[in-house]
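Take a look at the letters that make up each chain.
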There are 2 protein chains.
Amino acid sequence: MARQERAIRTRRAILEAAGAVFDEHGYTSTTIAMVLERAEVTKGALYFHFPSKESLAQAVLDEQVPFGAVPEQACKLQEIIDMTFVVAQRLLTDPLLRGSVRLTVDQATPPGVDHTGPFVKWAERLTVLMDQADRQGELLPTVNHRDTVELLVGGFAGIQLMSRALTNRADLAYRISVLWSHILPSIAVPGLLLGLDSKADRGLRVLSAVPVP
Amino acid sequence: MARQERAIRTRRAILEAAGAVFDEHGYTSTTIAMVLERAEVTKGALYFHFPSKESLAQAVLDEQVPFGAVPEQACKLQEIIDMTFVVAQRLLTDPLLRGSVRLTVDQATPPGVDHTGPFVKWAERLTVLMDQADRQGELLPTVNHRDTVELLVGGFAGIQLMSRALTNRADLAYRISVLWSHILPSIAVPGLLLGLDSKADRGLRVLSAVPVP
């Protein structure tokens, strides 16, 4: 294994361990020692990649939006829907994503760490897709892209939080389907509504079509 | 002042101080000493009312739903709308409510404290109003009360969280009006839509009509 590839793998192992520890203990109670133990790397390796707990938290936050990657769809509104279901699904299985989401919603994240980042980056990512959807004639003319996008991002944050508190996210996909059933009639052109798939198992179906890396 | 009345005031002073400290520092970093200093009561008085940090947090959580009190409306959907705007408005000025909301959304709240309580209690409170709205013919027949109510509660939690992170809640009332503009067409009978008031300044207007206690 080349030196650079090894460094990338070590960095990823540290991030995944940090995500798991942040998810379980929150920012304040997490120590570098806990991450070291979980990652099974040397102190030197950890500090080489991340000089402080703040930088570790920042890197975990920065990893969040890539978890929304989904196969391209001809219908861009469907692609937005797919992102929400895929993130909901990945929250069930991926500790790095869970840790990243906890840091985003926790007020405890210190001033040095920008936990507004994921809110802003999700909104930017979704706005690109909304603009495409609009150019393709998928949206009602009354839709304010920015308002709808920020409603989706904020709403998702709270829905996953409530689902985590009540059922450890077991009903998250269902709750996301409820979100879409309430919002789609206000944003999609009527001709599109029947063809959009926002059923609770959408995330599973999208992911099963993605080749395993 | 009668002894009982004094005890009620002391308890309230402690709760308000605890709310402020929980809001600023979160559960983990809050100490009884910090609450004592803020409340300006004796250690004995505090422990008389709240034997532990857990019991203090539980009491702060239990105070949340009463902040949704609003004047009765003939239209029950309007009353639900009013609750969301009034809570949004009170979040700007009331440290006890802010502390309670932080404890609700923080994963750090320990197992001994039931931070699912407010989610469940808001949902119960809103379900009563939704059932009344339904009996009065305000809702579309397709509405599943429980789904809609839980979407509102979870969505509100995340929207206030995003608004806090991005603008210290300065745009919260606007974001709540966006939530309603997206959801109302999916739940209210068409004849009601124009008459419902879900403008961003609704909370201020409702509160200005309430007599100062």
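First things first, this report covers the structure right here in the doc. None of the values given here were measured: they were computed from a predicted structure. (Residues numbered from 1 in each chain as written. Chains lettered and ligands numbered in written order. Predicted model: local features only at pLDDT ≥ 70, side-chain atom pairs only at ≥ 80, totals over all residues. Heavy atoms only, no water.)

Glancing now at the overall build of chain A. Scanning chain A for helices and strands turns up eleven helices and zero strands. Listing the helices and strands of chain A from first to last along the sequence gives α-α-α-α-α-α-α-α-α-α-α. Computed over its C-alpha atoms, the radius of gyration of chain A comes to 19 Å, within 12% of the 17 Å expected for a compact globule of 213 residues. Projected onto the principal axes, the alpha-carbon positions of chain A cover approximately 60 × 40 × 30 Å. Looking at chain A as a whole, 56% of its 213 residues are labelled buried. Considering only contacts in chain A between residues 6 or more positions apart, those separated by 24 or more positions represent 68%. Here chain A displays about 9,500 Å² of accessible surface, and carbon together with sulfur accounts for 56% of that area. (Helix = DSSP H or I, 4+ residues; strand = E, 2+ residues; numbered from the N terminus. Rg over C-alpha atoms; globule rule 2.2 N^0.38 Å. Buried < 20%, exposed > 50% of the residue type's maximum accessible area, 1.4 Å probe, protein only. Contact = heavy atoms within 4.5 Å. Areas by Shrake-Rupley, 256 points an atom, 1.4 Å probe, with all protein chains shown as cover.)

What follows deals with the relation of the copies chain B and chain A. Note on the identical chains: chain B maps onto chain A by a rotation of 180 degrees and an axial translation of 0.0 Å, with an RMSD of 0.0 Å. These values place the two chain copies in the arrangement generated by a two-fold rotation axis. Closest approach to the rotation axis among the C-alpha atoms of chain B is made by G158 of chain B, whose C-alpha sits 1.7 Å away. Both copies contact each other with a shared surface, as 100% of the interface residues of chain B are interface residues in chain A too. (Least-squares fit on C-alpha atoms with pLDDT ≥ 70 in both.)

Looking now at the side chain of S186 of chain B. By secondary structure assignment, the location of S186 of chain B is in helix α9 (residues 172-187). Taking relative accessible area as the criterion, S186 of chain B reaches 13% and is therefore assigned buried. Within the local environment of S186 of chain B, its side chain forms a polar contact with the backbone oxygen of H182 of chain A, the two atoms lying 2.6 Å apart. Not counting the four nearest positions on each side in its chain, S186 of chain B is found in contact with S181, H182 and P185 of chain A together with L140 and V143 of chain B. (Polar contact = N/O pair within 3.5 Å; in protein donor to acceptor, adjacent residues only side chain to side chain.)

A few words now on the pattern of salt bridges. Oppositely charged side chains may form a pair once their charged atoms are brought near each other. Residue and element names in this part refer to chain A. Under the definition given, this model contains 32 salt bridges over all chains. One salt bridge connects R202 with D197, and the closest N-O pair in it is separated by 3.2 Å. Like D197, R202 is buried. Note that D197 and R205 form a salt bridge whose closest N and O atoms lie 2.6 Å from each other. (Salt bridge = Lys/Arg side-chain N within 4 Å of Asp/Glu carboxyl O.)

Once that is clear, we can look at the environment of P118 of chain A. Residues and elements named next belong to chain A. Examined against the element boundaries, P118 turns out to sit in helix α7 (residues 117-135). For P118, a relative accessible area of 4% translates into the label buried. The sequence separation of P118 and T104 amounts to 14 residues, and the corresponding C-alpha distance is 6.9 Å. Excluding anything up to four places from it in sequence, P118 contacts L61, Q64 and T104.

Counting from both sides, the interface comprises 38 residues of chain B and, opposite them, 38 residues of chain A. Between chain B and chain A, the buried area comes to about 3,200 Å², and carbon and sulfur atoms account for 62% of it. Considering only the surface of chain B that becomes buried against chain A, Q107, M162 and H182 of chain B emerge as the three largest contributors, covering 23% of it. A salt bridge links E150 of chain B to R175 of chain A; its shortest N-O distance comes to 2.7 Å. Inspection of the region where chain B meets chain A yields eight residue pairs in polar contact (both at pLDDT 80 or more). Where the side of chain B that touches chain A is concerned, the elements lending two or more residues are α1 (3-29), α6 (95-105), α7 (117-135), α8 (145-167) and α9 of chain B. (Buried area = accessible area lost by both parts, 1.4 Å probe.)

Turning our attention to the packing of aromatic side chains. Within the structure shown, the criterion is met by two aromatic pairs over all chains. On the numbers, 5.9 Å between centres and 10 degrees between planes, the contact of F22 of chain A with Y27 of chain A is stacked. The buried category is assigned to F22 of chain A, whose relative accessible area is 0%. Take Y27 of chain A: its relative accessible area is 6%, and that puts it in the buried class. It is K53 of chain B that lies over the ring of Y27 of chain B; its NZ or CZ is 4.4 Å from the centre. (Phe/Tyr/Trp six-rings, centres within 6.5 Å; stacked < 30°, edge-to-face > 60°. Lys NZ or Arg CZ within 6 Å of the ring centre and 35° of its normal.)

Below, the discussion takes up helix α9 (residues 172-187) of chain A. Residues and elements named next belong to chain A. End to end, α9 covers 22 Å across 16 residues, agreeing with the expected 22 Å (1.5 Å per residue, within 8%). At S181, α9 shows its largest bend, some 25 degrees, and a proline, P185, comes one to four positions later. By the criterion of burial, α9 is predominantly enclosed, with 13 of the 16 residues buried. (Expected span 1.5 Å × (residues − 1). Bend = angle between axes of the 7 residues up to and from the residue.)

Counting residues in each nonpolar core, the largest one holds 137 residues, and the members touching the most others are L77 and W180 of chain A together with L77 and W180 of chain B. Discounting chain neighbours no more than four positions away, the residues touching W180 of chain B are I80, I81, T84, F85, L152, P185, I187 and S198 of chain B. (Core = buried A, V, L, I, M, F, W, Y, C linked by side-chain atoms within 4.5 Å.)

So, on to α7 of chain B. Taking 1.5 Å of rise per residue, 19 residues should cover 27 Å, and α7 of chain B covers 27 Å from first to last C-alpha, within 8% of that figure. Within α7 of chain B the residues assigned to the buried category are G117, P118, F119, W122, A123, L126, L129, M130 and A133 of chain B. Structurally, α7 of chain B contributes buried residues whose contacts are with α8 (145-167) of chain A together with α4 (53-62), α5 (76-93), α6 and α8 of chain B. Of the residues trailing α7 of chain B, G137 of chain B is marked for its positive phi of about 75 degrees.

Here the focus is the packing of α7 of chain B against α8 of chain B. All names here are of chain B. Interaxial distance between α7 and α8 falls to 9 Å at its minimum, and their mutual angle equals 135 degrees. With respect to their mutual orientation, α7 and α8 come out oblique. The chirality of how α7 crosses α8 is right-handed. Along its contact with α7, which presents F119, W122, A123, L126, T127, M130, D131 and D134, the element α8 presents H145, T148, V149, L152, V153 and A157. Looking at side-chain class alone, the contact of α7 with α8 contains nine nonpolar, three polar and two charged residues. (Axes fitted to C-alpha atoms, helices over the stretch in contact; angles between N-to-C directions. Parallel < 35°, antiparallel > 145°, perpendicular 65-115°, else oblique. Left-handed = near helix turned anticlockwise from the far one by under 90°. Nonpolar A, V, L, I, M, F, W, Y, C, P; charged D, E, K, R; others polar.)

Such coordinate-based values are descriptive only and should not be taken to indicate function.
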